[in-house]
Amino acid sequence: MTLFSLTNRVSRVLSASKVFIPHRRIQFHGGSHPQGNKEPKAIQKQESWFVKVVCTLFVYSQPSDDACLSYLNNNLTPLIEFEVVKWLKNPTFGLKFLELSRLNLNINHSFWTYNLLIRSFCCMGLYGSARLVFDYMKIDGHLPDSTLLGFMISSFGRAGEFGMARKLLAEVQSDDVMVTIFAVNNLLNMMVKQNNLEEAVSLYKENFGLNFNPDTWTFNILIRGLCRVGKVDQAFKFFNDMRSFGCFPDIVTYNTIINGLCREYEVDRGHSLLNEIRLRDDCAPNVVTYTSVISGYCKLGKMEEASALFDEMMSSGTLPSVVTFNVLIDGFGKVGDMLSAKSLYEKMASFGCIPDVVTFTSLINGYCQIGDVNRSFQLWDAMKVKNVSPNVYTFAITINALCKENRLCEACRFLRELQCRNIVPKPFIFNPVIDGFCKAGNLDEANRIVAEMEKKKCDPDKVTFTILIIGHCMKGRMLKAISIFDKMLSVGCPPDDVTVRSLISCLLKAGMPKEAYRISTITS
């Protein structure tokens, strides 16, 4: 089929095919124009007709005869070729047309054709095809601008194609293409978010100071990633390197590293950094800074230091947040000082802080720890009044406390309420109740709860199986204990030493040495 025999069929084909919708601005996914380049000119009416003809020809019969190729060679321009690729509305077709025209036609393709195809392939997740178009682009004498390059790096990074992104960075540096620090920081940020911390540090060491000058955001990204995995000393090295690059830590830097220190129980170092910020003219501690250090002291049980810092924060004019109150209430609850915890709870409203589920759960946990479970029920009532929904930990704390007092019927009531809520149940909620019934010798009820647990798609864990095995052994149901042990293995839940030793000991006492030997052999 030649170009000339097709012209009479164009209108019929256009109406029959969704490939052709006459709208000049339609582009592929991600086809926005990068900054720094002028938009391509609008084509004329007669050119628009020619675009439709070429599209039809290419979709239904790729031109191969000399006359057709000669005609296209004489009449296709970079602008028309761009419009053809755009009108095809299919990046794969667009790439085939690009390859055909590169091999058989003498066309100097425009930057916009490559830009459109690269962006479209990236948005479709076809990074190999995007990379191929990029290679064609360089061979044909075009270099990407910073916007297109940033888009490609971000796309590769989001897909976890960090090797491809780093290779692209190395290539464009040798071509003297400008890469913005924003693009590199964005790649670093994605590496950290996807737990590729070592690769992020490697990227920094390979490029910064040689090819790029880092900024404060660069250091903040790396410090945050290192602190999150507990590598605070390594984070401090970056913190100390900042000034050598002309960068200065901002409040985000300080907050990140202080939080990292306090999570690793190095609270005094965190407090020292807080004092350092207070001496600076260009930076001041905020509620996040104070709360991080207060939280650190609370985790260590140093409530006097936490309270003193809370008072200092208030004196400086920094108002506490809900999180500040929550960490203090939780801290006082864990040391059994419920008077202080309740006092802080009552102060929250005066600071515009509304108690949330964490507040109530911390108070409930505090009362349960001092053995005042009945007082914790008042907080459940307060939650209902304030329309605050309990979470999985609220239930777990209350159920565990009731089981410790052997109030199994009440614990079961909370289990039933839990199952009526949109909360994903966890084994640690059921285990205390199962253990309570096993110790009471009511194995049927324990088995019923396990069955209910499995019905809710909550698989028993190592603790559940161990409780059941020991419970059945204590009642002399050795065969049942063995079958539970075998089930434990079959579902891929490896027993620990406590489980194995307990079962073997019980089997030997019951005069079942062969079974004990089999269990020992399996687990060894």
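Cut-off values and rules
- Residues numbered from 1 in each chain as written.
- Predicted model: local features only at pLDDT ≥ 70, side-chain atom pairs only at ≥ 80, totals over all residues.
- Heavy atoms only, no water.
- Helix = DSSP H or I, 4+ residues; strand = E, 2+ residues; numbered from the N terminus.
- Buried < 20%, exposed > 50% of the residue type's maximum accessible area, 1.4 Å probe, protein only.
- Areas by Shrake-Rupley, 256 points an atom, 1.4 Å probe, with all protein chains shown as cover.
- Contact = heavy atoms within 4.5 Å.
- Phe/Tyr/Trp six-rings, centres within 6.5 Å; stacked < 30°, edge-to-face > 60°.
- Lys NZ or Arg CZ within 6 Å of the ring centre and 35° of its normal.
- Expected span 1.5 Å × (residues − 1).
- Patch = residues over 30% accessible without salt bridge, like charges linked within 9 Å, V, L, I, M, F, W, Y side chains within 5 Å.
- Salt bridge = Lys/Arg side-chain N within 4 Å of Asp/Glu carboxyl O.
- Lys, Arg positive; Asp, Glu negative; His and termini not counted.
- Charge placed at Lys NZ, Arg CZ, Asp CG, Glu CD.
- Axes fitted to C-alpha atoms, helices over the stretch in contact; angles between N-to-C directions.
- Parallel < 35°, antiparallel > 145°, perpendicular 65-115°, else oblique.
- Left-handed = near helix turned anticlockwise from the far one by under 90°.
- Nonpolar A, V, L, I, M, F, W, Y, C, P; charged D, E, K, R; others polar.
- pLDDT = per-residue confidence, 0-100.

**Remarks on the overall build of the chain**
Here is step 1: On a plain count of helices and strands, the chain comes out with 30 helices and zero strands.
Here is step 2: Sorting the 524 residues of the chain into buried and exposed places 49% on the buried side.
Here is step 3: Total accessible area on the chain stands at roughly 25,500 Å², and carbon and sulfur atoms take up 52% of it.

**Observations concerning the environment of leucine 489**
Here is step 1: Assignment of secondary structure puts leucine 489 in helix 28 (residues 478-490).
Here is step 2: Each C-alpha atom of the pair leucine 489 and threonine 523 lies 9.5 Å from the other, and the pair is 34 residues apart in sequence.
Here is step 3: Residues within four places of leucine 489 in sequence aside, it is in contact with Pro495 and Ile522.

**Overview of the packing of aromatic side chains**
Here is step 1: If you walk through the whole model with that rule in mind, you get 17 aromatic pairs.
Here is step 2: When the centroid spacing of 5.9 Å and the interplanar angle of 65° are considered together, the rings of tyrosine 204 and phenylalanine 219 count as edge-to-face. With tyrosine 204 in helix 12 (residues 197-207) and phenylalanine 219 in helix 13 (residues 216-228), this pair connects stretches of sequence that are 15 residues apart. Phenylalanine 219 shares its class with tyrosine 204; the two are buried.
Here is step 3: Between phenylalanine 239 and tyrosine 254 the ring centres are 5.7 Å apart and the planes differ by 70°, which places this aromatic pair in the edge-to-face class. Linking phenylalanine 239 in helix 14 (residues 232-241) with tyrosine 254 in helix 15 (residues 251-263), this pair joins segments that are 15 residues apart in sequence. Per residue, the accessibility class of phenylalanine 239 equals that of tyrosine 254, and both read buried.
Here is step 4: Here the aromatic cluster, defined as three or more aromatic residues joined through ring pairs, consists of Tyr204, Phe208, Phe212, Phe219, Phe238 and Phe245.
Here is step 5: The residue whose ring lies beneath arginine 119 is phenylalanine 151, and the NZ or CZ to ring-centre distance is 4.6 Å.

**What to know about helix 8 (residues 127-139)**
Here is step 1: Along its 13 residues, helix 8 runs 18 Å from first to last C-alpha, staying within 8% of the 18 Å computed at 1.5 Å per residue.
Here is step 2: Listed as buried for helix 8 are Tyr127, Ala130, Arg131, Val133, Phe134, Tyr136 and Met137.
Here is step 3: Downstream of helix 8 by a residue or two, glycine 141 has a phi angle that is positive, lying close to 90°.

**Looking at helix 9 (residues 146-158)**
Here is step 1: Between its terminal C-alpha atoms helix 9 stretches 18 Å, which fits the 18 Å expected from 13 residues at 1.5 Å a residue.
Here is step 2: Burial within helix 9 is extensive, with ten of its 13 residues counted as buried.
Here is step 3: Within helix 9 the residues assigned to the buried category are Leu148, Leu149, Gly150, Phe151, Met152, Ile153, Ser154, Ser155, Phe156 and Gly157.
Here is step 4: Just past helix 9, the residue glycine 160 takes up positive phi, approximately 75°.

**Here we look at a positive patch on the surface**
Here is step 1: A grouping of Lys193, Arg224, Arg228, Arg263 and Lys299 is seen on the molecular surface, where their side chains present a positively charged patch.
Here is step 2: In this fold, lysine 193 is placed in helix 11 (residues 181-193).
Here is step 3: Residue lysine 193 is classed as exposed on the basis of its relative accessible area, which comes to 56%.

**A word on the packing of helix 22 (residues 373-385) against helix 23 (residues 392-404)**
Here is step 1: Put simply, helix 22 and helix 23 touch, their axes get as near as 11 Å, and they point 155° apart. Looking at the two axes, helix 22 sits roughly antiparallel to helix 23. Relative to helix 23, helix 22 is oriented so that their crossing is left-handed. Residues Val373, Phe377, Trp380 and Met383 of helix 22 lie in contact with helix 23, whose contacting residues are Thr394, Phe395, Thr398, Ala401 and Leu402.
Here is step 2: Grouping the amino acids of the contact of helix 22 with helix 23 by side-chain chemistry returns seven nonpolar, two polar and no charged.

**Section: the confidence of the model for the chain**
Here is step 1: Of all residues in the chain, 86% have pLDDT values of 70 or greater, and the mean over the chain is 85.
Here is step 2: Confidence drops under a pLDDT of 50 for residues 1-37, and excluding neighbours within four residues, the segment shows 85 contacts in the predicted structure.

**Some details on unusual backbone geometry**
Outside of glycine, negative phi angles account for most residues, and trans bonds account for most peptide bonds.
Here is step 1: A positive phi angle, close to 65°, is found at tyrosine 265, a residue other than glycine.
Here is step 2: Structurally, tyrosine 265 can be placed in the loop between helix 15 and helix 16 (267-278).
Here is step 3: At lysine 457, a position not held by glycine, the phi torsion is positive, near 60°.
Here is step 4: Topologically, lysine 457 is positioned in the loop between helix 26 (443-455) and helix 27 (462-474).
Here is step 5: For lysine 457, a relative accessible area of 75% translates into the label exposed.

**Side note on the side chain of threonine 324**
Here is step 1: Relative to the elements of secondary structure, threonine 324 occurs in helix 19 (residues 322-334).
Here is step 2: With sequence-adjacent residues up to four places away left out, threonine 324 is seen in contact with Val287, Thr291, Ile294, Phe310 and Met313.

**Side note on the side chain of asparagine 207**
Here is step 1: When you line up the elements, asparagine 207 lands in helix 12.
Here is step 2: Overall, asparagine 207 belongs to the buried group, its relative accessible area being 8%.
Here is step 3: Non-local contacts of asparagine 207, meaning those with residues more than four positions away in its chain, are made with Gln173 and Phe212.

**Quick look at the environment of glycine 160**
Here is step 1: With respect to the helices, strands and loops of the structure, glycine 160 is situated in the loop between helix 9 and helix 10 (162-174).
Here is step 2: Sequence separation between glycine 160 and glutamine 194 is 34 residues; the distance between their C-alpha atoms is 7.7 Å.

**Topic: the pattern of salt bridges**
Here is step 1: Scanning all chains against the criterion turns up 21 salt bridges.
Here is step 2: Residue lysine 86 pairs with glutamate 83 through a salt bridge whose shortest N-O separation is 3.5 Å. Pair noted here: lysine 86 and glutamate 83 are both in helix 5 (residues 78-88), with a separation of three residues, about one helical turn. For the residue pair lysine 86 and glutamate 83, the accessibility class agrees, reading buried in each case.

**Considering the environment of alanine 446**
Here is step 1: Checked against the element boundaries, alanine 446 lands in helix 26.
Here is step 2: On a C-alpha basis, the gap between alanine 446 and valine 433 in space is 7.6 Å, while along the polypeptide they are 13 residues apart.

**Concerning the packing of helix 28 against helix 30 (residues 513-523)**
For any two helices packed against each other, one specifies the crossing angle of their axes together with the interaxial distance.
Here is step 1: At a minimum axis separation of 12 Å, helix 28 and helix 30 run at an interaxial angle of 15°. Put simply, helix 28 runs roughly parallel to helix 30. Crossing of helix 28 over helix 30 shows left-handed handedness. When helix 28 is examined against helix 30, the residues Ile482, Phe485, Asp486 and Leu489 are found in contact with a partner set consisting of Glu515, Arg518, Ile519, Ile522 and Thr523.

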